Amino acid sequence: VEVTPWLNLRLGHFPVPIGFLAERNLPLDHVTVRRSPMEDALIPTVWDETGIAVFGAVSSVEYKFMLVNGLDATGFSSSNWIKRGHQKRFETINAENLAWAGRLVYHPARSTAVGVSAYYGNTADNRPKPDLNVPAHVAIGNIDIDAEFGSLTFRSMMLYGTLENADEVSRANK
């Protein structure tokens, strides 16, 4: 539902705004033929979830805030962190634990964007079996910049994340 340029509401299935791939997932959006190794190794590649989102733009700032179904901790590993926690691999999606996600983007110039994103949610109860008795909150944050100067493009991103009770999650996933 588009109310005004600064306030909109969406119910359904949409990208989780973490990393460049959430905003730039079409083939023409990639500068190279490979995805960012950092994003490709650590977070779900095409990360979309079902939920409710509020979004809009005020002056040179865009925002998105959403409540979505959370990840499934059975897909977490030491080699790929939460990448395989996306619940697309089964026929049903558990929404026992929900997650919050959000993104703010500031456009200081027409071809420049500075963004900050965050994701937070428990993943313990979204497992197919109730075999984890401790919470497993995932917190992710990223800061990024995307700037174009003529034919020169500069993109940089810092991604940080934590998993609560990672030792218990690893033990349950064995």
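Quick note: structure is the one above.
Analysis parameters
Residues numbered from 1 in each chain as written. Predicted model: local features only at pLDDT ≥ 70, side-chain atom pairs only at ≥ 80, totals over all residues. Heavy atoms only, no water. Helix = DSSP H or I, 4+ residues; strand = E, 2+ residues; numbered from the N terminus. Rg over C-alpha atoms; globule rule 2.2 N^0.38 Å. Buried < 20%, exposed > 50% of the residue type's maximum accessible area, 1.4 Å probe, protein only. Contact = heavy atoms within 4.5 Å. Areas by Shrake-Rupley, 256 points an atom, 1.4 Å probe, with all protein chains shown as cover. Phe/Tyr/Trp six-rings, centres within 6.5 Å; stacked < 30°, edge-to-face > 60°. Patch = residues over 30% accessible without salt bridge, like charges linked within 9 Å, V, L, I, M, F, W, Y side chains within 5 Å. Salt bridge = Lys/Arg side-chain N within 4 Å of Asp/Glu carboxyl O. Pairing = 2+ DSSP bridges. Axes fitted to C-alpha atoms, helices over the stretch in contact; angles between N-to-C directions.

Remarks on the overall build of the chain
Check the secondary structure of the chain and you find three helices and eight strands. The order of α-helices and β-strands along the chain, N terminus first, is β-β-α-α-β-β-β-β-β-β-α. In terms of overall dimensions, the chain is globule-like: its C-alpha atoms have a radius of gyration of 17 Å, near the 16 Å expected for 174 residues. The principal-axis extent of the C-alpha atoms belonging to the chain is close to 55 × 35 × 25 Å. Here the chain, with 174 residues, has 37% of them falling under the buried criterion. Expressed as a percentage of contacts within the chain between residues at least 6 apart in sequence, the contacts between residues at least 24 apart total 63%. Surface summary for the chain: the accessible area is close to 10,200 Å², and the carbon and sulfur share equals 60%.

What to know about the packing of aromatic side chains
In the structure shown here, the tally under the stated rule is two aromatic pairs. With 4.9 Å between their ring centres and 50° between their planes, W47 and Y119 make a pair best called tilted. Here Y119 lies in strand β6 (residues 112-122) and W47 lies in the loop between α2 (37-42) and β3 (48-58), a separation of 72 residues in the sequence. Pair check on accessibility: W47 and Y119 agree, each one buried.

Things to note about unusual backbone geometry
Despite not being glycine, S59 shows a phi value in the positive range, around 55°. Residue position: S59 is located in the loop between β3 and β4 (61-69). By relative accessible area, which is 77% here, S59 ends up exposed. Here N165, not a glycine, exhibits a phi torsion of approximately 55°, which is positive. Tracing the backbone shows N165 in the loop between β8 (152-163) and α3 (166-173). A relative accessible area of 28% means that N165 is categorised as partly exposed.

Side note on the environment of Q87
By the element assignment, Q87 lies in the loop between β4 and β5 (98-109). Judged by its relative accessible area of 3%, Q87 falls in the buried class. For the pair formed by Q87 and L7, sequence separation is 80 residues and the distance between their alpha carbons is 29 Å. Discounting residues that sit within four places of it in the chain, Q87 has contacts with N69, G70, L71, D72, T92, I93, N94 and N126.

Some points on a nonpolar patch on the surface
Residues V1, V3, W6, L7, L9, L11, I52 and V58 make up a contiguous nonpolar surface patch of roughly 770 Å² in combined accessible area. Of all the secondary-structure elements, those providing two or more residues to the nonpolar patch are β2 (7-15) and β3. Considering each element in turn, the nonpolar patch owes the most residues, three residues, to β2. With respect to the helices and strands, I52 occurs in strand β3. Classification of I52 by relative accessible area gives partly exposed; the value is 34%.

Topic: the sheet that holds strand β1 (residues 2-4)
Pairing in this open sheet of eight strands is antiparallel, and the strands run β1-β2-β3-β4-β5-β6-β7-β8 from one edge to the other. Across the chains shown, the open sheet's two edge strands, defined by having one partner strand only, are β1 and β8. Across this sheet, the average inter-strand angle for adjacent strands is 15°, counted without regard to direction. As defined by bridge partners, strand β7 (residues 137-149) adjoins β8 across 12 bridges and the pair is classed as antiparallel. Among the inter-strand pairings, A139 is bridged to a residue of β8, identified as T162.

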